[in-house]
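Results of the structural survey
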Amino acid sequence: MSTKLQEDSGRELKKENQEMTGSSMLIQALARENVDIIFGYPGGAILPTYDEIYRSGIRHILARHEQGAIHAAEGYARVSGKPGVCVVTSGPGATNVITGIADAMIDSLPLIVITGQVATKVIGTDAFQEADIVGITMPITKHNYQVRDIEDLPRIIKEAFHIATTGRPGPVVIDLPKDVSEATGIFTYDQPVDLPGYQPTYTPNKLQIRKVREAVTKAKKPVILAGAGVLHAKGSDELLAYVEQQQIPVVNTLLGLGSFPASHPLAIGMAGMHGEYTANMALHHCDLLINIGARFDDRLTGALSDFAPHAKVAHIDIDPAEIGKNVETHIPVVGDAKEALKMLIAENGKPSECTEWKEQLYEWKKEYPLWYEKDDEVIKPQQLMEIIYEETNGEAVVTTDVGQHQMWAAQYYKFDKPNHWATSGGLGTMGFGFPAAIGAQFAEPDKPVVSILGDAGFQMTAQEMSILQELNIPVKIIIVNNSSLGMVRQWQELFYDERYSHSIFPIQPDFVKMAEAYNIQGWKVDDPKKVREVLQEALAYDGPVLLDCRVAKEENVYPMIAPGKGHHEMEGIKP
Amino acid sequence: MKRTIIATVHNTSGVMNRITGLFARRNFNIESITVGLTENPSISRMTFVVNVDDERGLDQVIKQLNKQVDVLKVRDITDEAIIARELALIKVVATPETRGEISTLVEPFRASIVDVGRESVTIQVTGDQQKIEAMIDLLKPYGIKEMARTGVTAFKRGTKKSVLDSPKYSIIS
Ligand SMILES: Cc1ncc(C[n+]2csc(CCOP(=O)(O)OP(=O)(O)O)c2C)c(N)n1
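What you see is a predicted model, and the numbers here were worked out from it, not measured in a lab. (Residues numbered from 1 in each chain as written. Chains lettered and ligands numbered in written order. Predicted model: local features only at pLDDT ≥ 70, side-chain atom pairs only at ≥ 80, totals over all residues. Heavy atoms only, no water.)

All names here are of chain A. With respect to the helices, strands and loops of the structure, E464 is situated in the loop between helix 19 (455–461) and helix 20 (465–471). A distance of 2.8 Å separates a polar atom in the side chain of E464 from the backbone nitrogen of R64. Among the polar contacts listed, one links the side chain of E464 to the side chain of Q463, at a separation of 2.8 Å. Residues contacting E464, with those up to four places away along its chain left out, are A63, R64, H65, G68, F434, P435 and I438. (Helix = DSSP H or I, 4+ residues; strand = E, 2+ residues; numbered from the N terminus. Polar contact = N/O pair within 3.5 Å; in protein donor to acceptor, adjacent residues only side chain to side chain. Contact = heavy atoms within 4.5 Å.)

As structure tokens, then:
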């Protein structure tokens, strides 16, 4: 059976300045924005739009729960760099995408979310399936709109795409009342966006760039912290070029993995709560910290009072509000990461003399590598990650859910290329990983997509196996099955005296049978000697496969910075 | 520290909601907000009096406001030459014997008695916050029955502070 990943999207462009319905305008606008896929779920208030979707032939993927649709749109956005589009109905359809909107907001993913709404004349009357989506999503969107007048619709869609995809990307909600989608008006799209209150700064101030250059020259222990901002700015090549020019070691955030090749000699690894010892030590002991597109999240910094105590901090960010929010910044640089890096390269400053520093880092790396104890009887999750990495030659697109498996994947899968990694960082949304893999596979139809999931998180959006079945999407689902809410169990073991309150599953579904119910290959593996072979088979299989990998149940993620502690207080750094 | 911030915003439905929601969820401590139209009917002006711990807190308030798409301009005008005004309505206990006294009291404030009841009078006073506070202090001994304050609205002066505006009430308090 062939996969149906690359169906042509029906994109018939109608002429502008003619009369058409609101829903027709919407589809026309989407076509003009080069949207070739929509993830969604129909219902009453959005029916006129679905009628237009039907007639236009624009590609639409029917999820089985709106949460699946929005996480798929997020996965698509993260991997493709294009905005993800999600269409749902009013009321419950719209409230079902709230988690995904919040997730996209905190992880800066460009999304256009179109929610149906009850007709304008009954708004405010508690009408059937009415929910105040503009009110509800105000704090979790970059911006949102309710379309009250058909005349405003083309402008609003245009602004929405502009806002979602420029500056710091983020989700924009367009709440579309049913009567507005049915009303007719003149469609004009070819107009400039006029938003005087929204003018993101792309080109940094030259003086600030110069200050970074001077700070680098003076530094003895410089380090770059590369975050997702580098990926959003499509600035990985520039980062590599700058690092090669200046020979500065690079630490990544969880979301920034892939922005700098992990196999590069100057790659120090991921920092943070479960980051590598050397990466955290690099942040702790550096005298110059150049943050490029990271937001100093608490899972990265640990206790702020102990964070980078000796460092002069330079922070490059397109969102000025991130600079100085959590960490005092000495050299603020507002601008696009790619632009800033280009300017830094052009400065061609005198590199820092930091041979000793680098030697120290390499020494730590040798002395305190990631570790786990191998076992002949039971699959170690870390070992599973290593095998996945090896068997995909490090070239798969990997998505994860949230929990221990996420941390192990981040630790052991070494990303050399950008946009091969989708994970829920800021919100830590269980249920994200699997639908995100579906979106990722649509973004990269020719690449292997591996979805590494916990047995708990998978159950939150498992219904989307329907999409795999329907379209024969070759996503490989790898369930890291420890029969528990692993990360919760770990915290209860470490911080709650092993009182395992509701974190160990007394029963589990048969995941293989679940797969079979959806007509998907489902295989179970529990023998460490067989896991490589089974994985090879799954990767070679032409279609979706679910692997139920039974792993060691009480394995903990190490090393670790306990909550409230600083980088210098890491635990579990050695066997 | 107390800071006065003004913002011009696009007069869209829900803009007030956006701003107050922002203050609440970012844990900004706000003392008053006023909002009203400007000479351009599609643009409103908001005046905030906020309480921040330090410069960084202030910086965040301004940046987060600026980040809103509907916010056109934000400015901390605390240290500038500004005109800041607030209006307060204060209902105080007044007997026929004390009415005259109250009336003399409010005069230097250029406040006026806008309503007289059998057992109370209502005073309207306009001015900067200090002046309002001073007025309230003086009226307290009579017994304040009810009070409503509008919050501060402010903008920059065209020229330097004029002599006309010197606080005449300060001699009393
Ligand atoms: C929607 C949601 N609910 C609860 C949590 C809290 N939480 C974080 S990790 C975790 C356990 C996840 O278990 P599993 O999916 O099996 O992954 P594991 O940690 O075992 O790898 C939970 C419940 C969350 N992150 N998201």
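For the rest of this paragraph, the subject is the UniProt feature "domain: Thiamine pyrophosphate enzyme N-terminal TPP-binding" (unreviewed entry) in chain A. Per the UniProt record, "domain: Thiamine pyrophosphate enzyme N-terminal TPP-binding" (unreviewed entry) is annotated on residues 20–134 of chain A. Helix makes up 44% of residues 20–134 of chain A and strand 17%, whereas the separation of the span's terminal C-alpha atoms amounts to 25 Å. (UniProt positions renumbered as here; feature names shortened; annotations may be inferred.)

Residues and elements named next belong to chain A. Counted by the stated rule, this structure contains 16 aromatic pairs over all chains. With centroids separated by 5.1 Å and ring planes inclined at 80°, the aromatic side chains of Y389 and Y413 adopt a geometry described as edge-to-face. Here the residue Y389 occupies a position in helix 16 (residues 381–391), and Y413 occupies one in the loop between helix 17 (404–412) and strand 16 (421–422), the gap between them amounting to 24 residues. When its relative accessible area of 24% is taken as the criterion, Y389 is described as partly exposed. Taking 6.2 Å as the distance between ring centres and 80° as the angle between the ring planes, the aromatic pair formed by W523 and Y541 counts as edge-to-face. Of this pair, W523 sits in strand 19 (residues 521–525) while Y541 sits in the loop between helix 23 (531–540) and strand 20 (545–550), and the two are 18 residues apart along the sequence. Accessibility expressed as a relative area gives 34% for Y541, which makes it partly exposed. Through pairs of rings, three or more aromatic residues link up here, namely Y389, Y413, F415 and W421. The residue whose ring lies beneath K158 is Y189, and the NZ or CZ to ring-centre distance is 4.9 Å. The residue whose ring lies beneath K574 is Y368, and the NZ or CZ to ring-centre distance is 5.3 Å. (Phe/Tyr/Trp six-rings, centres within 6.5 Å; stacked < 30°, edge-to-face > 60°. Buried < 20%, exposed > 50% of the residue type's maximum accessible area, 1.4 Å probe, protein only. Lys NZ or Arg CZ within 6 Å of the ring centre and 35° of its normal.)

Residues and elements named next belong to chain A. Formed by 50 residues in total, the largest nonpolar core has its most connected members in F39, F442, F458 and I477. The leading source of residues in this core is helix 3 (residues 66–80), at 7 residues. The residue makeup of this core includes at least three contributed by each of domain 1 (3–187) and domain 3 (381–550). Once residues lying within four places of it in the same chain are set aside, the contact partners of F458 are F434, L453, M465, I477, I479, F511, M514 and L546. (Core = buried A, V, L, I, M, F, W, Y, C linked by side-chain atoms within 4.5 Å. Domains from an automatic or database assignment.)

Let's shift gears to the interface of chain B and chain A. Counting residues at the interface gives 18 residues for chain B, matched by 20 residues for chain A. A buried area of about 1,400 Å², summed over both sides, lies between chain B and chain A, and 51% of it is on carbon and sulfur atoms. Considering only the side of chain B, the residues that lose the most area to chain A are B:R18, B:R56 and B:V69, jointly responsible for 43% of the buried surface there. At the boundary of chain B with chain A, the tally comes to 1 salt bridge. In this structure, the salt-bridge partner of B:K67 is A:D319, at a minimum N-O distance of 2.6 Å. Our count for the contact surface shared by chain B and chain A stands at 7 residue pairs in polar contact (both at pLDDT 80 or more). Secondary-structure elements contributing two or more residues to the side of chain B that touches chain A are helix 1 (15–25), helix 2 (55–67) and strand 4 (71–76) of chain B. Among the elements that take part in the side of chain B that touches chain A, helix 2 of chain B stands out by supplying 7 residues, more than any other. (Buried area = accessible area lost by both parts, 1.4 Å probe. Salt bridge = Lys/Arg side-chain N within 4 Å of Asp/Glu carboxyl O.)

Attention now goes to the sheet that holds strand 10 (residues 250–252) of chain A. Sheet strands pair via backbone hydrogen bonds, and the direction of the pair is either parallel or antiparallel. All names here are of chain A. On the basis of which strands lie adjacent, the open sheet formed by 6 strands has the order 11-10-9-12-13-14 and parallel pairing. Every other strand in the sheet has two partners, leaving strand 11 (267–270) and strand 14 (331–334) as the edge strands with one partner each. In this sheet, adjacent strand axes meet at a mean angle of 15° when their direction is disregarded. With 3 bridges connecting them, strand 9 (residues 222–226) and strand 10 associate as parallel partners. Looking at the pairing, I224 lines up with V250 of strand 10. Taken strand by strand, helix 11 (residues 236–246) contacts strand 9, strand 10 and strand 12 (288–292), and its axis lies near 175° from that of strand 9. (Pairing = 2+ DSSP bridges. Axes fitted to C-alpha atoms, helices over the stretch in contact; angles between N-to-C directions.)

Residue and element names in this part refer to chain A. When its domains are assigned, chain A resolves into domain 1 (3–187), domain 2 (206–367) and domain 3 (381–550). Taking only C-alpha atoms into account, the centre of domain 2 sits 30 Å from that of domain 3. In this complex, domain 2 contributes 16 residues to the contact, which on the side of domain 3 involves 17 residues. Roughly 1,300 Å² is buried in total at the junction of domain 2 and domain 3, and carbon and sulfur atoms are behind 63% of that figure. Broken down residue by residue, the surface that domain 2 buries against domain 3 is led by L254, L257 and H274, which jointly contribute 39%. For the pair domain 2 and domain 3, the number of links is 1 salt bridge. Across the salt bridge formed by K414 and E276, the nearest N and O atoms sit 3.5 Å from each other. Our enumeration of links across domain 2 and domain 3 arrives at 5 residue pairs in polar contact (both at pLDDT 80 or more).

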